[in-house]
Amino acid sequence: MYVKVESERLRFIALNQTKLRAENYIHLQDAIRNDADLDPNSLGQMVILPSSFVNSTRYLHEYTQDAFTYVRNYGRPDLFITITCNPAWPEITTELIPGQNSTVRHDLTARVFKVKVQKLVALLTKGKIFSDMKCFMYSIEGQKRGLPHVHLLLWLMEKLRPNQIDEIISAEIPNL
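Residues numbered from 1 in each chain as written. Predicted model: local features only at pLDDT ≥ 70, side-chain atom pairs only at ≥ 80, totals over all residues. Heavy atoms only, no water.

Visitor: When you look at the packing of aromatic side chains in this model, what are you seeing that I'm missing?
Guide: By the definition in use, this model includes 5 aromatic pairs. With 6.4 Å between their ring centres and 10° between their planes, Trp89 and Phe113 make a pair best called stacked. Taken together, the residues span a long stretch of sequence, with Trp89 in the loop between β1 (79–84) and α4 (90–93) and Phe113 in helix α5 (residues 106–126) at a distance of 24 residues. When its relative accessible area of 17% is taken as the criterion, Trp89 is described as buried. (Phe/Tyr/Trp six-rings, centres within 6.5 Å; stacked < 30°, edge-to-face > 60°. Helix = DSSP H or I, 4+ residues; strand = E, 2+ residues; numbered from the N terminus. Buried < 20%, exposed > 50% of the residue type's maximum accessible area, 1.4 Å probe, protein only.)

Take a look at the structure:
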């Protein structure tokens, strides 16, 4: 179903390039200007994905620029937290049909993981586990084995002192 929705979004973008003002994209104009040997008419129909299309080149470029802005304004992040989805979480296993494996229910694992990430961010920001925060940023990625994981950067109001680092660093391997 995801592929069907994604292909419909791509079809809409391809058929509505003029409405999306694709001819005004600076990067496209630069590419045509700088590559004199390239005839844009001989390439076929060019489709430019907007920055709102998740994981497109323009989207990733904007996301990277946002990250650089955070570092420029707030300095280096104080904490880097990574969490991986556990397919044995009770929220996932209780919803599976008997005999069914979580690897066939990507929708379920993704939804449970997203809710857990949202709860974690709320706990870190409102619960002030590591004191007050200036800001945070995170990225959810898929691993090769199909499970999502999140990379979370935290900027704290009070910098951590060297004697506090051992108190907060931990790694847990789940019992499967």
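Now, onward.
Visitor: For this particular structure, what's the right way to read the sheet that holds β1?
Guide: Two orientations exist for strands paired in a sheet by backbone hydrogen bonds: parallel and antiparallel. What the 3 strands build is an open sheet, ordered β1-β3-β2; its pairing is antiparallel. Each end of this open sheet is capped by a strand with a single partner; those strands are β1 and β2 (133–142). Between one strand axis and the next, the sheet turns through 15° on average, direction left out of account. In the sheet, β1 pairs with strand β3 (residues 148–156) via 6 bridges, with the strands oriented antiparallel. The residue of β3 that forms the bridge with Thr82 is His151. Most of the contacts of helix α3 (residues 57–74) go to β2, to which it runs at about 155°, and overall it touches β2 and β3. (Pairing = 2+ DSSP bridges. Axes fitted to C-alpha atoms, helices over the stretch in contact; angles between N-to-C directions. Contact = heavy atoms within 4.5 Å.)

Visitor: Explain the pattern of salt bridges here, please?
Guide: Once the charged atoms of two side chains with opposite charge are near each other, the side chains can pair. Summed over the entire model, instances satisfying the criterion amount to 6 salt bridges. For Arg11, the salt bridge goes to Glu8, with nearest N and O atoms at 3.5 Å. With a gap of 3 residues between them, Arg11 and Glu8 both fall in helix α1 (residues 2–15), about one helical turn apart. Since its relative accessible area comes to 41%, Glu8 is described here as partly exposed. Residue Lys116 is joined to Glu91 by a salt bridge in which the shortest nitrogen-to-oxygen separation is 3.3 Å. On the criterion of sequence distance, the pair formed by Lys116 in helix α5 and Glu91 in helix α4 is long-range, its members being 25 residues apart. (Salt bridge = Lys/Arg side-chain N within 4 Å of Asp/Glu carboxyl O.)

Visitor: Sorry if this is basic, but what is going on with the nonpolar core here?
Guide: Ranked by size, the top nonpolar core spans 18 residues in total, and within it Cys85, Trp89, Ile92, Phe113, Leu124, Leu152 and Leu154 carry the most contacts. Top contributing element to this core by residue count: α5, with 6 residues. In this structure, Trp89 is in contact with Thr84, Val112, Phe113 and Lys116, ignoring residues within four places of it in sequence. (Core = buried A, V, L, I, M, F, W, Y, C linked by side-chain atoms within 4.5 Å.)

Visitor: Can you help me understand α3 in this one?
Guide: Side chains three or four residues apart in an α-helix point the same way, a direct result of the helix having 3.6 residues per turn. Given a rise of 1.5 Å per residue, 18 residues ought to cover 26 Å, and the 26 Å separating the end C-alpha atoms of α3 matches this to within 8%. One or two steps after α3, the chain reaches Gly75, where phi turns positive at roughly 85°. (Expected span 1.5 Å × (residues − 1).)

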